[in-house]
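Working through the structure, step by step
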Amino acid sequence: MPFVVVIIVIVIALVTTGVSRLGNSVRYGFSAFNDSDTTTYETNDGYDDTYSQNTASSSSGTSNTAATVSAREKADTGVAFTSDCILDELGWVEDSKATGESLEAFYEATGVQPYVYFKAYDASLTTDSEKEDYAFDWYEENINNEGTFLYIYFAEEDSDNDIGYMVYVNGYDIDSVMDEEAVNIFWNYVDEYWYSDLSTDDMLTAIFTSTADAIMN
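In what follows, the accompanying structure is described.

Conventions and cut-offs
- Position labels on residues start from 1 in each chain and follow its written sequence.
- In view of the model being predicted, local features appear only for residues whose pLDDT reaches at least 70, and side-chain atom pairs are presented and counted only at 80 or more, with totals across whole chains, interfaces and linings using the full set of residues.
- To get the side-chain values, take all heavy atoms of the structure and skip hydrogens and water.
- Just to be clear on terms, a salt bridge is a Lys or Arg side-chain nitrogen sitting within 4 Å of an Asp or Glu carboxyl oxygen.
- Secondary structure elements are defined from DSSP: runs of H or I of at least 4 residues count as helices, runs of E of at least 2 residues count as strands, and each element is numbered from the N terminus.
- Here's how the labels work: a residue is buried when its accessible area is under 20% of the maximum for its type, exposed when over 50%, partly exposed in between, all with a 1.4 Å probe on protein chains only.
- Every patch collects residues that have over 30% relative accessible area and no salt bridge, joining them within 9 Å if they carry like charges and within 5 Å if they are nonpolar side chains (Val, Leu, Ile, Met, Phe, Trp, Tyr).
- Note on areas: these come from Shrake-Rupley sampling with a 1.4 Å probe, and a residue is covered only by the protein chains present in the view.
- The charge count includes Lys and Arg as positive and Asp and Glu as negative, but it does not include His or the ends of the chains.
- Where a charge lies is defined by one atom per residue type, namely NZ (Lys), CZ (Arg), CG (Asp) and CD (Glu).
- The nonpolar core is taken to be a set of buried Ala, Val, Leu, Ile, Met, Phe, Trp, Tyr and Cys residues, with the residues joined through side-chain atoms within 4.5 Å.
- Residue contacts are counted whenever heavy atoms from the two residues lie within 4.5 Å of one another.
- Think of it this way: a Phe, Tyr or Trp ring, Trp meaning its six-membered ring, pairs with another when their centres are within 6.5 Å, and the plane angle makes it stacked under 30 degrees, edge-to-face over 60, tilted otherwise.
- Residue count minus one, scaled by 1.5 Å, sets the expected span of a helix.

Section: the pattern of salt bridges
Going through the model one piece at a time under the given rule, you end up with six salt bridges. Residues Arg 72 and Asp 179 are paired through a salt bridge, measuring 2.7 Å at the closest nitrogen-oxygen approach. Of the two residues, Arg 72 sits in the loop between β6 (66–68) and β7 (86–88) while Asp 179 sits in the loop between β10 (165–170) and α4 (180–194), which places them 107 residues apart along the sequence. Residue Asp 179 is classed as partly exposed on the basis of its relative accessible area, which comes to 22%. One salt-bridge network, held together by shared partners, links Arg 72, Asp 179 and Glu 181.

Let's talk about a negative patch on the surface
A grouping of Glu 157, Asp 158, Asp 160 and Asp 162 is seen on the molecular surface, where their side chains present a negatively charged patch. By relative accessible area, which is 33% here, Asp 158 ends up partly exposed.

Brief notes about the nonpolar core
If you look at the biggest cluster of nonpolar residues, it comprises 51 residues, and the most contacted ones within it are Phe 149, Leu 150, Tyr 151 and Met 178. Elements with a minimum of two residues in this core: β8 (113–119), α3 (128–142), β9 (148–154), β10, α4 and α5 (200–215). The element contributing the most residues to this core is α4, with nine residues. When neighbours within four sequence positions are excluded, Met 178 is seen to be in contact with Phe 106, Val 112, Phe 149, Asn 170, Val 183 and Ile 215.

Some words on the packing of aromatic side chains
Overall, the coordinates contain 19 aromatic pairs when judged by the stated rule. Arranged with centres 5.4 Å apart and planes meeting at 55°, the rings of Tyr 115 and Trp 138 form a pair that is tilted. Here Trp 138 lies in helix α3 and Tyr 115 lies in strand β8, a separation of 23 residues in the sequence. Judged by relative accessible area, Tyr 115 falls into the buried class, the value being 15%. Both rings, one in Tyr 117 and one in Trp 138, keep their centres 5.0 Å apart while their planes meet at 35°; by these two values the pair is tilted. Taken together, the positions of Tyr 117 in strand β8 and Trp 138 in helix α3 put the pair 21 residues apart, joining distant regions of the chain. On the accessibility criterion, Tyr 117 (2% relative accessible area) is buried.

Description of α5
Helix length check: α5 (16 residues) gives 22 Å between terminal C-alpha atoms against 22 Å at 1.5 Å per residue, within 8%. Summarising burial for α5: twelve of the 16 residues are buried, a large majority. For α5, the full list of buried residues reads Thr 200, Asp 201, Met 203, Leu 204, Ala 206, Ile 207, Phe 208, Ser 210, Thr 211, Ala 212, Ala 214 and Ile 215.

A word on the environment of Val 167
Secondary-structure assignment places Val 167 in strand β10. Sequence separation between Val 167 and Leu 150 is 17 residues, and the spatial gap between their C-alpha atoms is 8.1 Å.

Observations concerning the environment of Met 203
When you line up the elements, Met 203 lands in helix α5. Between the alpha carbons of Met 203 and Thr 99 there is a distance of 9.7 Å; along the sequence they are 104 residues apart. Residue contacts for Met 203: discarding those within four places in its chain leaves Tyr 193, Trp 194 and Leu 198.

Below, the structure written as structure tokens:
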């Protein structure tokens, strides 16, 4: 189920979307996140974590209702973990091997193989739908299993200053783990750590580790 998610931080819009490969169909939908659409989730780490709440459209209201993150079981996809799971065409990742190895914690907790692709600017991809189609096709052509969560960042021409378009693609076998709530939590951590002082390597580790800790409590 693809989601177009607009995360507004100060004056910068971070646009994200997703394609969930469910059965033989691809389902589309729209939702918008902003700073005022939040729900507090109680987790077992002793703290309250606040995540953006999925809404049909942007809202000016604020929700402080406590909600428990849904219980999930680790996926059993038969897919062995590989640390060769980062493709960086932008030169943002300093050590792809070490960072890929750090993502094993996400795999061990969820049973889901992560894959990160930082794609260089491609002038032939002019619309969001073309980028979504590219992501779906790239999964089909390059990942030979249904147990992977693929995250693709499409860089803009001025990749140092303009935030790119972000897409996820779910393998058929992981939707029970990376469901709508889990993906919302993932995007929230992308938003949180993207604007931090962390290196790209540490940012990726933090996003996936924090997501796993939150959704698998």
